[in-house]
Amino acid sequence: PLLRLGRNVTLIESLSGSWEEPLPLGAYRVETSGNEVYMAEHVILTVPLSVLQHGLVEFRPNLPEWKVEEINKMDIGIYGKVVLAFRRRLWGDKQFYMYISNRRGYMVPWINLDYVLDIKKDEDTHLLAVILTEEEAERVESQPIEETKLEVIHVLADMFPGFQPEDLIDIAVTDWSQHPFFLGSYSNTPVGLSVNNLRNIRMPIARLHFAGEATSEKYNGYLQVREEGY
């Protein structure tokens, strides 16, 4: 068997016309956006829950109602970053800095990546990142990067006396909320749900298997899920 990369799966079909009845081997049909078709005895589905919630993968017939309900109960969190490169270090040796404004959640936590990556003060490039969450992350990730750069310059001028716009040499912004293969950063269990919800999402339907961070009881929301084999 070969691992096919760069394929965008758009359809998973049970040729028997049912998901939960006993199926013969080779009863699954998988189709990609490039009109490639694969026949399978088993299907392992690891796409983010947000992709399933938005219906970007079609199931034929529709998934059982109980499975759709369990998937839609979960929230999708957005955890974005703006990473900045500077000609000189304008900050001290602490790992974290906080920006406080009248706007709730606006560019509050900053990470000194020089500290994390052990970049010395006399090196040519220095790195700083600001963490964005939920509505702020989605707003910044959806706007032109030049607008984000102007916002960041204003904040940096407040935080670090002596900062000049020319000190900033590069900027990178995550796009978790905008990328069609993610539409968010991680699954998030709302108040009132229990571990049974994760188990129900993970529960296979015949030989259609569900995996990924949203199915892990221990590492829900984290990449370490790979170590658990989910």
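Refer to the preceding data block for the structure.
For the structure given in this document, a descriptive report is provided here. (Residues numbered from 1 in each chain as written. Predicted model: local features only at pLDDT ≥ 70, side-chain atom pairs only at ≥ 80, totals over all residues. Heavy atoms only, no water.)

Of regular secondary structure, the protein chain possesses seven helices and 13 strands. Taken over the C-alpha trace, the protein chain has a radius of gyration of 22 Å; the compact-globule value for 230 residues is 17 Å, which it surpasses by more than 25%. Each of the three principal axes of the protein chain carries a C-alpha extent, and together these read 70 × 40 × 30 Å. Looking at the 230 residues of the protein chain, the share that counts as buried comes to 40%. For the protein chain, long-range pairs separated by at least 24 residues make up 62% of all intrachain contacts whose partners lie at least 6 apart in sequence. Surface summary for the protein chain: the accessible area is close to 13,500 Å², and the carbon and sulfur share equals 52%. Charge centroids of the protein chain, computed over 22 positive and 34 negative side chains, lie 4 Å from each other. (Helix = DSSP H or I, 4+ residues; strand = E, 2+ residues; numbered from the N terminus. Rg over C-alpha atoms; globule rule 2.2 N^0.38 Å. Buried < 20%, exposed > 50% of the residue type's maximum accessible area, 1.4 Å probe, protein only. Contact = heavy atoms within 4.5 Å. Areas by Shrake-Rupley, 256 points an atom, 1.4 Å probe, with all protein chains shown as cover. Lys, Arg positive; Asp, Glu negative; His and termini not counted. Charge placed at Lys NZ, Arg CZ, Asp CG, Glu CD.)

Moving on: a nonpolar patch on the surface. Among the surface-exposed residues, Leu-15, Val-37 and Met-39 lie close enough to one another that they form a single nonpolar patch of about 270 Å² accessible area. Among the secondary structure elements, Leu-15 is positioned in the loop between β1 (9-14) and β2 (28-32). Taking relative accessible area as the criterion, Leu-15 reaches 44% and is therefore assigned partly exposed. (Patch = residues over 30% accessible without salt bridge, like charges linked within 9 Å, V, L, I, M, F, W, Y side chains within 5 Å. Salt bridge = Lys/Arg side-chain N within 4 Å of Asp/Glu carboxyl O.)

Moving on, we get to helix α6 (residues 195-202). Looking only at α6, the buried set comprises Asn-197, Leu-198 and Ile-201. End-on, the buried residues of α6 take up no more than an arc of 100 degrees, which puts them together on one face. On its buried side, α6 packs onto α1 (49-53), α2 (65-73) and β13 (208-210). (Arc of directions from axis to C-beta.)

Any link to function would need more than the numbers given here.
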